[in-house]
Amino acid sequence: MTDIARRPTIRDVATVAGVSSGTVSRVLNGKNWVSPESKARVDAAIKKTGYRVNAHARGLAMNRSNTIAFLLTETQSVLFEDPNFGALVRGTSAELAKRDISFVLIMAGDEAERTRAMNYITAGHVDGVLLAFTSASGNPLVKSLVDARVPMVSAGQPLGFEGRLGCVAADDLHGAITMTTYLLDRGRVRVATIAGPRDTPGGIARLEGYRRVLGDRFDQGLVRHGDYTRESGVVAMRELLQEHPDIDAVFAANDAMAAGAIEVLQAAGRRVPDDVAVAGFDDSVFAATTTPSITTMRQPFGRISAEMVRVLVDIIDGAGPSTLMLPTELVQRESA
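Residues numbered from 1 in each chain as written. Predicted model: local features only at pLDDT ≥ 70, side-chain atom pairs only at ≥ 80, totals over all residues. Heavy atoms only, no water.

What follows covers the sheet that holds strand β6 (residues 191-195). The strands that make up a sheet are held in pairs by hydrogen bonds between backbone atoms, and each pair lies either parallel or antiparallel. Taking strand neighbours across the sheet as the criterion, the four strands line up as β7-β6-β8-β9 in an open arrangement whose pairing is parallel. Of all the strands in the sheet, the pair left with one neighbour each is β7 (223-225) and β9 (277-279). In this sheet, neighbouring strand axes are inclined to one another by 15° on average, regardless of whether the strands run parallel or antiparallel. Pairing of β6 with β7, which is carried by three bridges, proceeds in the parallel orientation. Residue I194 lies in a different strand from β7, and its bridge partner there is R224. (Pairing = 2+ DSSP bridges. Helix = DSSP H or I, 4+ residues; strand = E, 2+ residues; numbered from the N terminus. Axes fitted to C-alpha atoms, helices over the stretch in contact; angles between N-to-C directions.)

Further remarks concern the sheet that holds strand β2 (residues 102-107). Taken together, six strands build an open sheet; the order of strands is β2-β1-β3-β4-β5-β11 and the sheet is parallel. Edge strands, defined here as strands with exactly one partner in the open sheet, are β2 and β11 (323-326). Strand-to-strand twist of the sheet, defined as the mean angle between neighbouring strand axes without regard to direction, takes the value 20°. In this structure, strand β3 (residues 128-131) lies alongside strand β4 (residues 152-155), joined through three bridges in parallel fashion. Bridge pairing in β4 links L131 to S154. With respect to the sheet, helix α7 (residues 111-125) is in contact with β1 (67-72), β2 and β3, its orientation differing from that of β2 by roughly 155°. (Contact = heavy atoms within 4.5 Å.)

See the structure below:
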């Protein structure tokens, strides 16, 4: 009968390396009081034996769950309507898997869900929280988690919590400045905007970038607000076209609203971009699949996901909260 191969242990690594089990344990836990020669022998022995850390046992020893929560404080419709949310979930899940950390998705779109989320998170079932985009409706839960000293990193800075939790975000302000400048440089004169929600950091920053570029030419009448859905872009574009038929460009605060704007313009017989240029933000699936394809600002969601995980792990290990701003990139397509 063939013996079933057993999983290599710390003792096996110690035997191959010619050191004590305690030395192997110190190397695995990142302790500094191990000589470079011993560490090199342990590292080589780990590779030779195929030893892998038992994440569950290690978590118990360190009083950790080895699990991270991805928290959505908005309604569940975001799961189906916002491709950015899906990109962040996929990206952070993949980054956590590389670190052998488990991942749970927690919905907290109404009061009952928020109460359950708070109870679950503070009971120690997770070591930290990755926070998806949040508006003012989710702030009470965010405040409760911050007050409970739960390690947390958000995608974008929740308003009113600056410096109190980790944050990784795209540079919305300068992205909007770049896009508005681009439209003006291409000869557009009456540039309207479909801004995001007033209670979200992206909605505020992208509108501010648009306003800064226009300066004295800024016209509040050319501003409409949407909720980042395609339908809100449709409603906003109808209002703008009815009240300001002379507009020759529209900067929408995300690609979904830009797609809605294009739909309305085409139905009204306006050519895009010949009569009215349309620009978006994010470089989501809407940008490439809409006809014409949408000129947009690309958010680096891959880097955002990786940095969110890195910053959160650092906070869990004892570091203070930090903020990281990543640049956006202009992607020129057919609509502007």
